[in-house]
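Topology and contacts: notes
What follows is the residue order along each chain.
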Amino acid sequence: LWLHRLCALLLGTGSALVQAENPIFTDVFTADPAALVHKGRVYLYAGRDEAPDNTTFFVMNEWLVYSSDDMANWEAHGPGLRAKDFTWAKGDAWASQVIERNGKFYWYVTVRHDDTKPGFAIGVAVGDSPIGPFKDALGKALITNDMTTDTPIDWDDIDPSVFIDDDGQAYLFWGNTRPRYAKLKKNMVELDGPIRAIEGLPEFTEAIWVHKYQDNYYLSYAMGFPEKIGYAMGKSIKGPWVYKGILNEVAGNTPTNHQAIIEFNNKHYFIYHTGAGRPDGGQYRRSVSIDELFYNPDGTIKRIVMTTE
Ligand code: FUB
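Residues numbered from 1 in each chain as written. Predicted model: local features only at pLDDT ≥ 70, side-chain atom pairs only at ≥ 80, totals over all residues. Heavy atoms only, no water.

Here we look at the overall build of the protein chain
When you go through the protein chain residue by residue, the secondary structure sums to zero helices and 22 strands. Against the 2.2 N^0.38 benchmark of 19 Å for 309 residues, the protein chain shows a C-alpha radius of gyration of 18 Å, consistent with a compact globule. Across its three principal directions, the C-alpha atoms of the protein chain cover 50 × 45 × 40 Å. Considering only contacts within the protein chain whose residues lie at least 6 apart along the sequence, 49% involve residues at least 24 apart. Summing over all exposed atoms, the protein chain offers an accessible surface of approximately 12800 Å²; the carbon and sulfur share of this is 51%. (Helix = DSSP H or I, 4+ residues; strand = E, 2+ residues; numbered from the N terminus. Rg over C-alpha atoms; globule rule 2.2 N^0.38 Å. Contact = heavy atoms within 4.5 Å. Areas by Shrake-Rupley, 256 points an atom, 1.4 Å probe, with all protein chains shown as cover.)

Next comes the structure, spelled out in structure tokens:
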């Protein structure tokens, strides 16, 4: 574990600057990281774990926003969005991802729907900057459990990942147990065609992250339970996907695992959460960590060396 830590709090500005080794934030518990590179800065979005201990279940009400221009010094911007900002949702600020299109920032989130629809749902908020303010773009869910009736669980519509291909076509990926994707219209808040199942992902559990590097498309995801992160590669965002292996093992003393993969200043990063690194961390009190990611010459990805272990 990394024992030396420099933490500077800049009080009075409404934001805090944190310089840290893993886990990168120690004043709050953070989970389900997503990251966006925009104009020379990395924006990191994470759900806040507020469970009082590690025995009951997730308590997650809001998503926090951080930014950095060097991946070491992080400015905290506070909660960028709360589950209750979606009036049709009951709560549960689970995994999310933000993407930019034409100067607007779209934040796709997992929340639990109110009693008018079963289970979890995916909503989308929009803002004019990567730190918001964000507001519900639709006033209703984008994906609801009754749109995907092939899996008899109420949490199958979770963990959105969004991607805009080189031709401008946007896609939404998501799912627990059943991985799915659909095209998005240019307005980013409506589906443009049918919801499709994704094949070829062994032991798929959840936590899809889609990215492209050079000529290859990558779909990484949480496998099994406790979860490892595995990945598949394809020559098209629509697949077919070919499973390539494991990126990390179970990260610390929590069975969930959730990753974001980005390139920033010619380096590649694997951002994930772990229950390790803090004595009171665990299954429902997770912490975001970052380690470098390296590609092989053939485009496959080397196993991540987790400095949280
Ligand atoms: O954090 C709540 C849920 O646990 C996420 O949506 C999943 O990816 C898993 O991390």
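Looking at the site of the ligand
Every residue near the ligand is listed here: D32, F58, M60, W94, A95, D159, E206, T256, H258, H273 and R286. Note that an oxygen atom of the ligand is positioned 3.4 Å from one of the backbone N or O atoms of A95. Partitioned by chemical class, the residues of the shell around the ligand number four nonpolar, three polar and four charged. (Near = heavy atom within 4 Å. Polar contact = N/O pair within 3.5 Å; in protein donor to acceptor, adjacent residues only side chain to side chain. Nonpolar A, V, L, I, M, F, W, Y, C, P; charged D, E, K, R; others polar.)

A word on the packing of aromatic side chains
Here a ring pair, both rings aromatic, is described through the centre-centre distance and the interplanar angle of the planes. Scanning the entire structure with this criterion turns up 21 aromatic pairs. Plain terms: the ring middles of Y171 and Y181 are 6.2 Å apart, the flat faces sit at 45 degrees to each other, and that makes the pair tilted. In this pair, Y171 sits in strand β13 (residues 170-174) while Y181 sits in strand β14 (residues 180-184), placing the two residues ten residues apart along the sequence. Of the two residues, Y171 and Y181, neither departs from the other in class, the shared state being buried. (Phe/Tyr/Trp six-rings, centres within 6.5 Å; stacked < 30°, edge-to-face > 60°. Buried < 20%, exposed > 50% of the residue type's maximum accessible area, 1.4 Å probe, protein only.)

Here's the deal with the sheet that holds β13
Taking strand neighbours across the sheet as the criterion, the four strands line up as β12-β13-β14-β15 in an open arrangement whose pairing is antiparallel. The sheet terminates laterally at β12 (161-164) and β15 (196-197), the two strands that pair on one side only. (Pairing = 2+ DSSP bridges.)

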